[in-house]
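Fold and geometry: a report
Chain by chain, the residues:
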Amino acid sequence: MLPLLGLSRNKGSSGSPPRSPEKKDRRTVRKIQVPIDMLPNEMWLEVMSYLSYNDLKQLRMVSWHCRELVNRRKFMSQGKVIITRHNLAAIKDHVENAPSKLSFERIELRNLKQSPKLDSFLKLVGPDVRHLQVSHAPVFRNINGKMPNLKVLTIAATTVLDDNIGINLKQFINLEAFECDGVSLDSALKLSMLLQLRKPANRVQLRHLQFEFTHDNEEVLVAVLRDHAKTLEYIDIFFSCSPSVETLPWSLAFGSMRNLSVLKLSGNCHLLLLEAILMSVPAVAPLRQLDLTGMLSLTNELLLYVASKWEFSLKSLDLMFCVQLNCACIDALRQLSGQLKCLTMAYCRELTGVALLKGIAHTPNYIIQELHLEEVCFIDEESLCELLVRLYNLRRLSLDNCRQAVTDRAMSLICKYQTGLRQLNIEYCIKITDKGFLGTPDFPYAITRLRGLRELNLRGCKNLTDRVLKEALILPELRILSLGYCSFFYPEGFEALTHNAPAIETLCVSSCMKVDDDTVRNFLRNFKRLRSINISNCMRLTLQSIHHILRHGHNMVELIACSIDGMDQEQAMRLLEKHRPQMKQVLL
């Protein structure tokens with residue numbers, strides 16, 4: 001009202017005295033509206049630092065100014081260039097014929113074979129590469145001698161059918177990280193690569209090592225750990241078979257790791273070796289992440305030892321499938337509760353809700369941000385509800401298949417107290433109904449309170465109906481949604497969902513029997529950012545859905561459409577290969 005009154009006075013009679021220059025200037029300043037493009041770059045960069053890489057790519061298309069900001073090295077280095085047999089020629093021509101805005105610091109060679117074209121391309125961009133990932137691409141001969149500045153090498157799922165010489169690791173004098181998680185990789189080649197990391201033949205200072213343990217490479221792997229013990233900060237070892245009972249070499253190797261901050265040991269490791277490693281790592285090591293996934297031999301006493309040793313540094317603890325842990329681990333959890341930010345106890349079936357409550361939430365806990373409790377069967381509703389009240393700062397919560405605990409009341413308390421959640425997994429929690437998402441007179445808290453929720457998994461929550469899609473899932477920030485095996489969702493509800501959650505990028509509606517071709521078309525037309533969709537076992541679908549994907553799915557990179565009787569899979573694959581060869585994954 002005041003600006004309008006002021007305007008009317010200006011147009012009025014001369015009976016009112018004129019404003020002084022000072023007041024006139026002040027009113028003028030108030031009316032100035034600064035366009036967003038005029039914000040200083042420092043403010044733009046601060047805002048952009050909170051965006052994901054996919055969000056940055058969307059922002060890049062807003063204006064030339066945004067494009068220039070996103071093209072800065074700080075942001076472009078977050079992504080990677082994926083080279084396949086379909087785009088190799090186009091990217092090579094782009095680099096040769098024009099100044100490229102692409103950053104080749106991180107590249108992935110995927111599904112490639114040796115070729116002169118690949119060789120000449122790597123000669124062009126090789127000096128820029130800092131991080132290389134090789135996936136299903138035995139092209140080591142093309143790589144050799146092309147990347148003098150490489151720091152991180154990841155080899156995943158690669159065979160040596162086309163290349164018998166392997167890769168020369170000694171050429172990478174700046175190498176800091178080596179990851180080899182390719183279980184299909186020839187064992188002799190893996191052993192050869194380990195031998196090349198030995199000192200003094202190789203002078204690199206490894207900080208990051210990920211490798212698979214086998215009986216063939218035990219001696220060499222321990223020797224490499226010992227050679228680089230003083231610089232290693234990150235170790236990830238998967239035990240594909242049980243190691244020998246001789247633990248002294250392992251103890252000597254880990255005993256010198258004073259800089260170790262991340263330790264991941266998974267697979268088939270017996271208690272003697274596990275104890276030897278954890279007891280050998282110096283207490284002064286700044287261990288902040290410990291992952292013991294699948295360590296069936298882990299005991300409550302050993303966990304208490306770990307908690308006492310790294311009480312003030314440990315931030316993330318993963319105990320998935322540590323089935324020997326039970327209520328006696330309360331003391332260890334309580335000792336860590338003041339610093340721990342992420343806790344995973346999935347499939348610890350002997351754990352109870354009361355023990356968990358006493359362990360991490362005996363007092364209000366503002367520290368923990370991620371809690372993963374999948375398949376922890378003995379959590380009761382009362383304990384979970386009390387847990388939700390005492391944990392004030394959760395960002396990720398996984399309660400998959402906690403059927404007895406996750407009820408409408410528990411869901412309402414999640415909506416009431418956990419408004420900062422970014423990820424919520426409640427797969428196969430069959431006691432939840434629409435009331436848990438919409439609220440009730442006794443618990444009037446709807447899921448719409450979780451405004452920042454980015455990932456939601458409702459797979460197998462079979463009692464949910466269209467009301468949830470139409471009235472509850474009004475979540476503008478939602479990026480990933482799984483609705484598989486929810487049989488009471490109809491096309492009308494899916495139509496409403498496309499308007500209520502327009503930012504979805506990954507969608508799973510597998511085994512939703514009411515999904516038809518028109519529903520798929522609506523998904524692709526209205527979800528402008530959709531990149532991945534799973535429509536497996538949706539029996540009403542036909543080949544028309546593939547045509548909708550080709551016509552409207554401009555951003556699609558992944559399609560899963562298995563077990564659909566009404567779809568000619570061979571013809572669908574031919575269409576996709578012809579018109580969408582750039583898609584990363586297609587499963588039919």
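See the structure above.
Residues numbered from 1 in each chain as written. Predicted model: local features only at pLDDT ≥ 70, side-chain atom pairs only at ≥ 80, totals over all residues. Heavy atoms only, no water.

1. A few points about the overall build of the chain
- Secondary structure assignment for the chain yields 24 helices and 20 strands.
- By its C-alpha atoms, the chain is 100 × 65 × 65 Å across when sized along the principal axes.
- Across the 588 residues in the chain, those meeting the buried criterion constitute 50%.
- At a minimum sequence separation of 6, the contacts of the chain that also span at least 24 residues come to 76%.
- Within the structure as shown, the chain displays about 27700 Å² of accessible surface, and the carbon and sulfur contribution to it stands at 53%.
- Charge-centre separation for the chain: the mean point of 74 positive side chains lies 9 Å from the mean point of 61 negative side chains. (Helix = DSSP H or I, 4+ residues; strand = E, 2+ residues; numbered from the N terminus. Buried < 20%, exposed > 50% of the residue type's maximum accessible area, 1.4 Å probe, protein only. Contact = heavy atoms within 4.5 Å. Areas by Shrake-Rupley, 256 points an atom, 1.4 Å probe, with all protein chains shown as cover. Lys, Arg positive; Asp, Glu negative; His and termini not counted. Charge placed at Lys NZ, Arg CZ, Asp CG, Glu CD.)

2. A look at the pairing of strand 8 (residues 262-267)
- With five of its six residues buried, strand 8 lies for the most part within the structure.
- As paired elements, strand 7 (residues 234-239) and strand 8 share six bridges and run parallel to each other. In the strand pairing of strand 8, Ile235 is matched with Leu263.
- In the classification by handedness, the crossover that spans strand 7, the intervening helix 12 (residues 248-254) and the parallel strand 8 is right-handed.
- Across three bridges, the pairing between strand 8 and strand 9 (residues 289-291) is parallel. Bridging across to strand 9, Leu263 finds its partner in Leu290.
- Viewed along the sheet, the connection from strand 8 through helix 13 (residues 271-280) into strand 9 turns out right-handed. (Pairing = 2+ DSSP bridges. Right-handed = clockwise from strand over helix to strand, strands pointing away.)

3. Concerning the pattern of salt bridges
- Under the defined criterion, the tally for this structure stands at 22 salt bridges.
- The salt bridge partner of Lys190 is Glu212, with a shortest N-O separation of 2.7 Å. Here Lys190 is found in helix 10 (residues 187-196), whereas its partner Glu212 is found in strand 6 (residues 208-213), with 22 residues between them in sequence. In this structure, Lys190 and Glu212 share a single accessibility class: buried.
- A salt bridge links Arg396 to Glu370, with the nearest nitrogen and oxygen atoms 3.3 Å apart. (Salt bridge = Lys/Arg side-chain N within 4 Å of Asp/Glu carboxyl O.)

4. Brief notes about the pairing of strand 2 (residues 106-110)
- A large share of strand 2 lies buried, amounting to four of its five residues.
- Alignment of strand 1 (residues 81-83) against strand 2, held across three bridges, turns out to be parallel. Each residue of the ladder has a partner; that of Ile83, found in strand 2, is Leu109.
- Following the backbone out of strand 1, through helix 7 (residues 88-97) and into the adjacent parallel strand 2, one traces a crossover that is right-handed.
- Running through helix 8 (residues 116-125), the crossover from strand 2 to the neighbouring parallel element strand 3 (residues 131-135) is right-handed.

5. Focus on unusual backbone geometry
- A cis amide bond, omega 5°, links Lys199 with the succeeding residue Pro200.
- Mapped onto the elements of the fold, Pro200 is located in the loop between helix 10 and strand 6.
- You will see that Tyr485, though not glycine, has its phi angle at about 65°, which is positive.
- Structurally, Tyr485 is set in the loop between strand 16 (480-482) and helix 21 (491-500).

6. Some details on the nonpolar core
- If you look at the biggest cluster of nonpolar residues, it comprises 169 residues, and the most contacted ones within it are Ile143, Phe178, Leu225, Trp250 and Met345.
- Among the nonpolar cores identified, the runner-up in size contains nine residues, and Leu45, Met48, Cys66 and Val70 belong to it. (Core = buried A, V, L, I, M, F, W, Y, C linked by side-chain atoms within 4.5 Å.)

7. Some details on the packing of helix 13 against helix 14 (residues 300-309)
- Where helix 13 meets helix 14, the axes come as close as 11 Å, and the angle between the chain directions of the two elements is 10°. With respect to their mutual orientation, helix 13 and helix 14 come out roughly parallel. When helix 13 is examined against helix 14, the residues Leu271, Leu274, Glu275, Leu278, Met279 and Ser280 are found in contact with a partner set consisting of Leu302, Tyr305, Val306 and Lys309.
- Of the residues in the contact of helix 13 with helix 14, the class split is seven nonpolar, one polar and two charged. (Axes fitted to C-alpha atoms, helices over the stretch in contact; angles between N-to-C directions. Parallel < 35°, antiparallel > 145°, perpendicular 65-115°, else oblique. Nonpolar A, V, L, I, M, F, W, Y, C, P; charged D, E, K, R; others polar.)

8. Topic: the side chain of Gln196
- Within the secondary structure, Gln196 sits in helix 10.
- A residue is classified by how much of its surface remains accessible, and Gln196, at 12% relative accessible area, is buried.
- Setting aside residues up to four positions removed in sequence, Gln196 forms contacts with Ile167, Asn168, Leu169, Lys170 and Asn202.

9. Brief notes about the environment of Glu492
- Note on placement: Glu492 falls in helix 21.
- Residue contacts for Glu492: discarding those within four places in its chain leaves Asp466 and Lys470.

10. A closer look at the packing of helix 21 against helix 22 (residues 517-526)
- The contact between helix 21 and helix 22 brings their axes to 10 Å, and the two run at 5°. In terms of their interaxial angle, helix 21 and helix 22 are classed as roughly parallel. Only Thr519, Asn522, Phe523 and Asn526 of helix 22 make contact with helix 21, whose side of the interface consists of Pro491, Phe494, Glu495, Thr498 and His499.
- Considering only residue class, the contact of helix 21 with helix 22 consists of three nonpolar, five polar and one charged.

11. A short note on the environment of Lys470
- Examined against the element boundaries, Lys470 turns out to sit in helix 20 (residues 466-472).
- For the pair formed by Lys470 and Leu191, sequence separation is 279 residues and the distance between their alpha carbons is 57 Å.
- For Lys470, the residues in contact, after removing those within four places along its chain, are Glu492, Gly493, Ala496 and Asn500.

12. Observations concerning the packing of aromatic side chains
- Evaluation of the coordinates by the stated rule reveals 10 aromatic pairs.
- For the ring pair Phe239 and Trp250, a centre distance of 5.9 Å and an interplane angle of 45° mean the geometry is tilted. A residue pair is termed long-range when its members are at least 10 positions apart, and Phe239 in strand 7 and Trp250 in helix 12 qualify at 11 residues.
- Among the residues examined, Phe239 registers a relative accessible area of 1% and is labelled buried.
- Given the relative accessible area of 1%, Trp250 is considered buried. (Phe/Tyr/Trp six-rings, centres within 6.5 Å; stacked < 30°, edge-to-face > 60°.)

13. Regarding the environment of Leu88
- The residue Leu88 is located in helix 7 in this model.
- Among the residues examined, Leu88 registers a relative accessible area of 6% and is labelled buried.
- In the structure, Leu88 is positioned 16 residues away from Arg72 in sequence and 24 Å away in space, judged by C-alpha atoms.
- With residues near it in sequence (within four places) discarded, Leu88 still touches Ile83, Ser115, Lys117, Leu118 and Phe121.

14. Overview of helix 23 (residues 544-552)
- Among the residues of helix 23, those classed as buried are Ser545, Ile546, His548, Ile549 and Leu550.
- The elements touched by buried residues of helix 23 are helix 22, strand 19 (558-560) and helix 24 (569-579).

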